[in-house]
Amino acid sequence: MHKMSRMKFTVLLSLYHKESPGFLRQSLESVFSQTLPPDEVVLVEDGPLTSALREVVEEYTNEHSELKLVVLDENRGLGKALNEGLKQCSHDLVARMDTDDICKPNRFAKQVAFMEQHQEIDVVGAWIDEFQDGVSNVISTRRLPEKPRDIFRFGKKRNPINHPVVMFRKKAVEKVGSYKPFYLFEDYYLWVRMMLNGAKLYNLPEALLYFRFSPDMFKRRGGFKYAFVEIKFQWCLYCLGYINFICMANNVCIRMITRVIPNKCRELIYKKLLRK
């Protein structure tokens, strides 16, 4: 029934040399075994890969004619890699996917159906289940506001869209210049620019993806370097007119504290206050 009338869509992924071959295999398997399979999968090789990763990529390329490779000679970073991949996406409907996460079987079917029924929506996200070791061990769920107005308000304090599970209309993304360089915040920056341009964002109120969680994440999200980048991003949001000075100052204070406190304290805040 879906194939008779549904919109065609592309899945966009970016891969670099530090990814695990096993995680990549799980990710691709979850993409190709969907109840509604993608019409096209664009995989960007962001710089040279290891032989183990190359083996997995070649295996799936041989098995799936819909898998298209975009090869970059050197590592350019996620935002630039996704832009190169987006240029090669044949369909206006594009689903993002990371090479270490796992789609739930009905993810694409639900998102495509929603986008078909809601032509006014430019971006549809969903919740994500964060897991450790295996998908049977879900340790938290990142829930986000559902409606466009609530997403716009929520975005003033935190990223309102789970990037690994998003589906968007390519034309709407290109309308604001696609992904732009902003270390750690390429996706957040994109959503804000889209909302300020009149785009409508929506989150399905259910988890459609298993997000691979690592305890090292708390270490990566700490330190003055991370804090400085966040301050720079808050200033950017203020200059765009998305947040006022008081909101910016409040956000900066909160982020400075959470970035410089011990990892254990940051982990506690993350698990108890920012997740449900």
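In case you missed it, the structure is sitting above this.
Residues numbered from 1 in each chain as written. Predicted model: local features only at pLDDT ≥ 70, side-chain atom pairs only at ≥ 80, totals over all residues. Heavy atoms only, no water.

Observations regarding the side chain of Glu130
Looking at the element boundaries, Glu130 is found in strand 6 (residues 123-131). At 2.4 Å, the side chain of Glu130 and the side chain of Ser140 are in polar contact. (Helix = DSSP H or I, 4+ residues; strand = E, 2+ residues; numbered from the N terminus. Polar contact = N/O pair within 3.5 Å; in protein donor to acceptor, adjacent residues only side chain to side chain.)

Re unusual backbone geometry
For Asp133, which is not a glycine, the phi torsion comes out positive at approximately 75°. On the basis of relative accessibility, which here comes to 73%, the residue Asp133 falls in the exposed class. You will see that Ser178, though not glycine, has its phi angle at about 60°, which is positive. (Buried < 20%, exposed > 50% of the residue type's maximum accessible area, 1.4 Å probe, protein only.)

Quick word on the packing of helix 2 (residues 21-32) against helix 3 (residues 51-63)
One way to put it is that helix 2 packs onto helix 3 with a least axis distance of 9 Å and a crossing angle of 20°. Between helix 2 and helix 3, the angle is such that the two are roughly parallel. In the packing of helix 2 onto helix 3, the handedness of the crossing is right-handed. Facing Pro21, Leu24, Arg25, Leu28, Glu29 and Phe32 of helix 2, the residues of helix 3 in contact are Ala52, Leu53, Val56, Val57, Glu59 and Tyr60. (Axes fitted to C-alpha atoms, helices over the stretch in contact; angles between N-to-C directions. Parallel < 35°, antiparallel > 145°, perpendicular 65-115°, else oblique. Left-handed = near helix turned anticlockwise from the far one by under 90°. Contact = heavy atoms within 4.5 Å.)

Remarks on the nonpolar core
Of all hydrophobic cores here, the largest spans 38 residues; its most connected members are Leu12, Val123, Phe168, Trp191, Met194 and Leu201. Broken down by secondary-structure element, the contributors of at least two residues to this core are strand 2 (40-46), strand 3 (67-72), helix 4 (78-87), helix 7 (170-175), helix 8 (186-196), helix 10 (224-240) and helix 11 (245-260). Excluding its chain neighbours within four sequence positions, the residues that come into contact with Leu201 are Val123, Glu146, Lys147, Pro148, Ile151, Ile161, Trp191 and Met195. Leu67, Ala95, Leu204 and Leu209 belong to the second largest nonpolar core, which has 37 residues in total. (Core = buried A, V, L, I, M, F, W, Y, C linked by side-chain atoms within 4.5 Å.)

Brief notes about the packing of aromatic side chains
All chains considered together, the criterion is met by 14 aromatic pairs. Ring centres 5.3 Å apart and planes at 40° place the aromatic pair Trp235 and Tyr238 in the tilted group. Residue Trp235 and its partner Tyr238 are located together in helix 10, separated by 3 residues, close to a single helical turn. Overall, Trp235 belongs to the partly exposed group, its relative accessible area being 48%. The partly exposed category is assigned to Tyr238, whose relative accessible area is 30%. Residues Tyr238 and Phe245 carry aromatic rings whose centres are separated by 6.0 Å and whose planes lie at 75° to one another, so their mutual orientation is edge-to-face. (Phe/Tyr/Trp six-rings, centres within 6.5 Å; stacked < 30°, edge-to-face > 60°.)

Let's talk about the packing of helix 8 against helix 10
Across the interface, helix 8 lies against helix 10 with an axial gap of 11 Å and an inter-helix angle of 10°. Between helix 8 and helix 10, the angle falls in the class roughly parallel. Contacts between helix 8 and helix 10 pair Tyr188, Tyr189, Val192, Arg193 and Leu196 from the former with Phe233, Cys236, Leu237 and Leu240 from the latter. Of the residues assigned to the contact of helix 8 with helix 10, the class counts are 8 nonpolar, no polar and 1 charged. (Nonpolar A, V, L, I, M, F, W, Y, C, P; charged D, E, K, R; others polar.)

Topic: helix 2
Its 12 residues place the ends of helix 2 16 Å apart at the C-alpha level, agreeing with the 16 Å of an ideal helix rising 1.5 Å per residue. Of all the residues in helix 2, the buried ones are Leu24, Ser27, Leu28, Ser30, Val31 and Phe32. On its buried face, helix 2 sits against strand 1 (9-15), strand 2, helix 3, strand 3, strand 5 (102-103) and helix 5 (107-117). Of the residues that open helix 2, the one with a side-chain oxygen 3.2 Å from the backbone nitrogen of Gly22 is Ser20. (Expected span 1.5 Å × (residues − 1).)

Some points on the pattern of salt bridges
Scanning the entire structure with this criterion turns up 11 salt bridges. Notably, a salt bridge pairs Asp129 with Lys104, separated by 2.7 Å at the nearest N-O pair. With Asp129 in strand 6 and Lys104 in the loop between strand 5 and helix 5, this pair connects stretches of sequence that are 25 residues apart. Residue Asp129 is classed as buried on the basis of its relative accessible area of 10%. Linked by salt bridges that have partners in common, Arg76, Glu84 and Lys87 make up one network. (Salt bridge = Lys/Arg side-chain N within 4 Å of Asp/Glu carboxyl O.)

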